Amino acid sequence: MPRQIGPGVRGPLYVGMSKAIFELGIDQPAVDMRVTMEGLHVLSHIIVWISYAKFEASAMEDIEQKKNCLQHARDVFGRADSYFRNSAPELKEERAMLLEEWLNMESSFGELGDVNLVHAKLPKKLKKRRQIDMEDGPAAYEEHIDGYLFAEEMQTTNLKILEAAYKWKKQRVLC
């Protein structure tokens, strides 16, 4: 069954046009997050990446076509991850959303999917607890996500700790 782009629209020409539209959408420059109304544009930017990857993953009939579609979707997710890691590192929540979608796609492909490919990229969620004062009893605690720590950030954090320990040891030896 050929991919259907819209109601009654099919064929390789339209598939090519759809890919071109997605490419245009993801090539738009990132928008300044300080402007609230344009913040919606950044959200649609992540949605464009995810929609493009899902479009590429839309499975065909035979196994070889499914493998091709999956590889194209992985390429799109990889480009999107690279974009958010290098060009928009402040958009950590969007990158985490992207990786969750990638993980969902990999698991939906069953044996063809490779969830281990994405698990290594998933961030650690930084959770904080804050106390909520209750009028009629003991205080309760609320847990919320305070941010995300990605693998490449953990490596630099570990290096900073090692550097600090080395400096401390060097100072102790000199004294």
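Below or above, wherever it landed, is the structure these notes cover. (Residues numbered from 1 in each chain as written. Predicted model: local features only at pLDDT ≥ 70, side-chain atom pairs only at ≥ 80, totals over all residues. Heavy atoms only, no water.)

Looking only at helices and strands, one finds 6 helices and 4 strands in the protein. The secondary structure elements of the protein, listed N-terminal to C-terminal, are β-β-α-α-α-α-α-β-β-α. The burial tally for the protein puts 28% of its 175 residues in the buried class. Sequence separation of at least 24 residues holds for 48% of the intrachain contacts in the protein that already meet a minimum separation of 6. Within the structure as shown, the protein displays about 12,100 Å² of accessible surface, and the carbon and sulfur contribution to it stands at 56%. (Helix = DSSP H or I, 4+ residues; strand = E, 2+ residues; numbered from the N terminus. Buried < 20%, exposed > 50% of the residue type's maximum accessible area, 1.4 Å probe, protein only. Contact = heavy atoms within 4.5 Å. Areas by Shrake-Rupley, 256 points an atom, 1.4 Å probe, with all protein chains shown as cover.)

Any two aromatic rings considered together are summarised by their centre-to-centre distance and by the angle between their planes. All chains considered together, the criterion is met by 3 aromatic pairs. A ring pair is formed by Tyr-83 and Phe-84, whose centres lie 5.0 Å apart and whose planes are at 75 degrees; its orientation type is edge-to-face. A relative accessible area of 14% places Tyr-83 in the buried class. Relative accessible area serves as the criterion here: at 2%, Phe-84 is assigned to the buried category. An aromatic cluster is defined as three or more aromatic residues linked by ring pairs; in this entry it consists of Trp-49, Tyr-83 and Phe-84. Above the face of the Phe-150 ring, Arg-95 is positioned so that its terminal group lies 4.1 Å from the ring centre. (Phe/Tyr/Trp six-rings, centres within 6.5 Å; stacked < 30°, edge-to-face > 60°. Lys NZ or Arg CZ within 6 Å of the ring centre and 35° of its normal.)

Attention shifts here to the nonpolar core. Proteins that are soluble and globular tend to have nonpolar side chains buried together. With 27 residues, the main nonpolar core has Trp-49, Phe-77, Phe-84, Leu-98, Trp-102 and Met-105 as its most contacted residues. Among the elements of the structure, helix 2 (36-57), helix 3 (63-86) and helix 4 (92-108) are those that each provide at least two residues to this core. The contact partners of Phe-84, leaving out residues within four places of it in the chain, are His-45, Ile-46, Trp-49, Pro-89, Leu-91, Glu-94, Arg-95 and Leu-98. (Core = buried A, V, L, I, M, F, W, Y, C linked by side-chain atoms within 4.5 Å.)

Attention now moves to the environment of Arg-79. Looking at where Arg-79 falls in the secondary structure, it is placed in helix 3. Classification of Arg-79 as partly exposed rests on a relative accessible area of 36%. C-alpha of Arg-79 to C-alpha of Trp-49: the two residues are 30 residues apart in sequence and 8.9 Å apart in space.

Further remarks concern the environment of Ile-132. Considering the arrangement of structural elements, one finds Ile-132 in strand 3 (residues 124-132). On the accessibility criterion, Ile-132 (32% relative accessible area) is partly exposed. Remark: the alpha-carbon pair of Ile-132 and Glu-142, spanning 10 residues in sequence, is separated by 6.9 Å.

Interhelical geometry of helix 3 versus helix 4 gives an angle of 165 degrees and a closest axis separation of 10 Å. In terms of orientation, helix 3 lies roughly antiparallel with respect to helix 4. For the crossing formed where helix 3 meets helix 4, the hand is left-handed. Along the contact surface, helix 3 presents Leu-70, Ala-73, Arg-74, Phe-77, Gly-78, Ala-80, Asp-81, Phe-84 and Arg-85, while helix 4 presents Glu-94, Arg-95, Leu-98, Leu-99, Glu-101, Trp-102, Met-105 and Glu-106. Taken together, the residues of the contact of helix 3 with helix 4 break down into 9 nonpolar, 1 polar and 7 charged. (Axes fitted to C-alpha atoms, helices over the stretch in contact; angles between N-to-C directions. Parallel < 35°, antiparallel > 145°, perpendicular 65-115°, else oblique. Left-handed = near helix turned anticlockwise from the far one by under 90°. Nonpolar A, V, L, I, M, F, W, Y, C, P; charged D, E, K, R; others polar.)

Turning our eyes to something else, we now look at helix 4. With 17 residues, helix 4 extends 24 Å between its outermost C-alpha atoms, agreeing within 8% with the 24 Å of an ideal straight helix rising 1.5 Å per residue. For helix 4, the full list of buried residues reads Glu-94, Arg-95, Ala-96, Leu-98, Leu-99, Trp-102, Leu-103, Met-105 and Glu-106. Among the residues trailing helix 4, Gly-110 stands out with phi positive, at a value near 60 degrees. (Expected span 1.5 Å × (residues − 1).)

Worth remembering: the numbers are spatial, not functional.
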